[in-house]
Amino acid sequence: MEWLTAIRKCINFMEDNLTNDITAQEISEQVYLSPFFLQKGFSIMTGFGLMEYLRNRRLYKAALDLRNTKDKVIDIALRYCYETPESFTKAFTRFHGSTPVQVRAGAPIKAFFPLKISITISGGSQMDFKIITKVPFKVIGFEKEFSTEDCYEQIPKFWDEIFRKYANNVYAGKVPANSYEKAVIDNNIGEYGICIDDIGANKFRYLIAGKYTGGDVPAGMSVYEFNQTDWAVFDCIGAIPETLQDLNTRIFKEWLPGNPDYELAGNANVEWYDMTNSNMESPDYHSAIWIPIKKIIKSCYY
């Protein structure tokens, strides 16, 4: 499904289900995207998390119900998918700055209207990419779960932790001191950062990984296999992580909405890092983002 159409459709679906207890998984199924890609793209496009947007719309509608009806607070809370009046009051007060009782008495409310999505083309810069097909391959690495809410801040900390524990010594030329350091050097771990969306609940798996060459898999490390896939590959030159995060934002805000030929596919994307250059803060550091895609099949009418 075309990217802007998918975002608009998921907004309409949420609007139609403000009083139904729907999940990110159910929303993503409406537009045939993985929850990870949908939530990531939605946040970049709108500035709101997917479920944050849904929650804000419900709290605004709840405030209108308090103003315009005599329904009990507990009934309004249940209507907008809160299990208890206490949880509703807490969320309501945080959002509006007043309690439900105060709003019913005339306190001001915070408006939150349905989003209207459009694309604005500005500037003249071009996003260079290439389409490649890769045969099935396996990666091995260190895995951790992250939330889509704060992944931009937390993932760089994970890199620092793993390299400090397992990679700095061997990449400095020292002999591996344990099975983890051996796995790092044997499989070039650090070449890939991989986001995998297969656990739901607004979370995803992230692997600091390298191409698996076989052999033992130390306890706590993971192996993941990619099927044969077409990838859109975007090269990036500049200091990490800022330039790569900026490129990621441009892919979802500019390339996907403006590309008529390809759409997202699969449930994982790849960050590639040049392991021949250890200075990731260099202005000429080379990295890349791989996005799994498929060709849009266009109908022909005669």
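Report follows, based on the coordinates. In this text the structure is predicted, and so the values were computed from the model without any measurement. (Residues numbered from 1 in each chain as written. Predicted model: local features only at pLDDT ≥ 70, side-chain atom pairs only at ≥ 80, totals over all residues. Heavy atoms only, no water.)

Quick word on the packing of aromatic side chains
The description of an aromatic ring pair rests on the distance of the ring centres and on the angle between the ring planes. On inspection of all chains with the given rule, the structure shows 30 aromatic pairs. Arranged with centres 5.7 Å apart and planes meeting at 65°, the rings of Trp3 and Phe252 form a pair that is edge-to-face. Taken together, the positions of Trp3 in helix H1 (residues 3-16) and Phe252 in helix H10 (residues 242-258) put the pair 249 residues apart, joining distant regions of the chain. Across the pair, Phe252 and Trp3 agree in class, each one buried. Plain terms: the ring middles of Phe129 and Trp255 are 5.1 Å apart, the flat faces sit at 70° to each other, and that makes the pair edge-to-face. (Phe/Tyr/Trp six-rings, centres within 6.5 Å; stacked < 30°, edge-to-face > 60°. Helix = DSSP H or I, 4+ residues; strand = E, 2+ residues; numbered from the N terminus. Buried < 20%, exposed > 50% of the residue type's maximum accessible area, 1.4 Å probe, protein only.)

Observations regarding the state of the cysteines
Chemically, a disulfide is nothing more than a covalent bond linking the sulfur atoms of two cysteines. Taken as a whole and assessed by the stated rule, the structure comprises zero disulfides. Considering cysteine sulfurs only, Cys81 is the nearest to Cys10, which forms no disulfide, with 17 Å between them. Taking relative accessible area as the criterion, Cys10 reaches 0% and is therefore assigned buried. On the basis of relative accessible area, Cys81 is assigned to the partly exposed category, the value being 23%. (Disulfide = S-S within 2.5 Å.)

Focus: the layout of surface pockets
To find the voids left in a structure, one rolls a probe of water-molecule size over its atoms. Size it by volume and the largest pocket reaches roughly 800 Å³. Lining the largest pocket are 31 residues, and of these Trp159, Phe163, Ile240, Tyr273 and Met280 sit closest to its centre. Secondary structure elements with two or more residues in the lining of the largest pocket: helix H3 (35-46), helix H8 (151-171), strand E4 (203-211), H10 and strand E8 (268-273). Broken down by element, the residue count for the lining of the largest pocket peaks at 10 residues, all from H8. (1 Å grid on protein atoms, 1.4 Å probe; cavity = no way out; pocket = protein on both sides within 12 Å on 5 of 7 lines; lining within 4 Å. Points joined across faces, edges and corners; volume = space filled by probe spheres on them.)

Section: a negative patch on the surface
On the surface, a cluster of negative charge is made up of Asp21, Glu26, Glu29 and Glu83. Along the chain, Glu83 turns up in the loop between helix H5 (73-79) and helix H6 (85-96). According to the relative accessible area criterion, Glu83 is exposed, its value standing at 75%. (Patch = residues over 30% accessible without salt bridge, like charges linked within 9 Å, V, L, I, M, F, W, Y side chains within 5 Å. Areas by Shrake-Rupley, 256 points an atom, 1.4 Å probe, with all protein chains shown as cover. Salt bridge = Lys/Arg side-chain N within 4 Å of Asp/Glu carboxyl O. Lys, Arg positive; Asp, Glu negative; His and termini not counted. Charge placed at Lys NZ, Arg CZ, Asp CG, Glu CD.)

The values are spatial; any link to function lies outside them.
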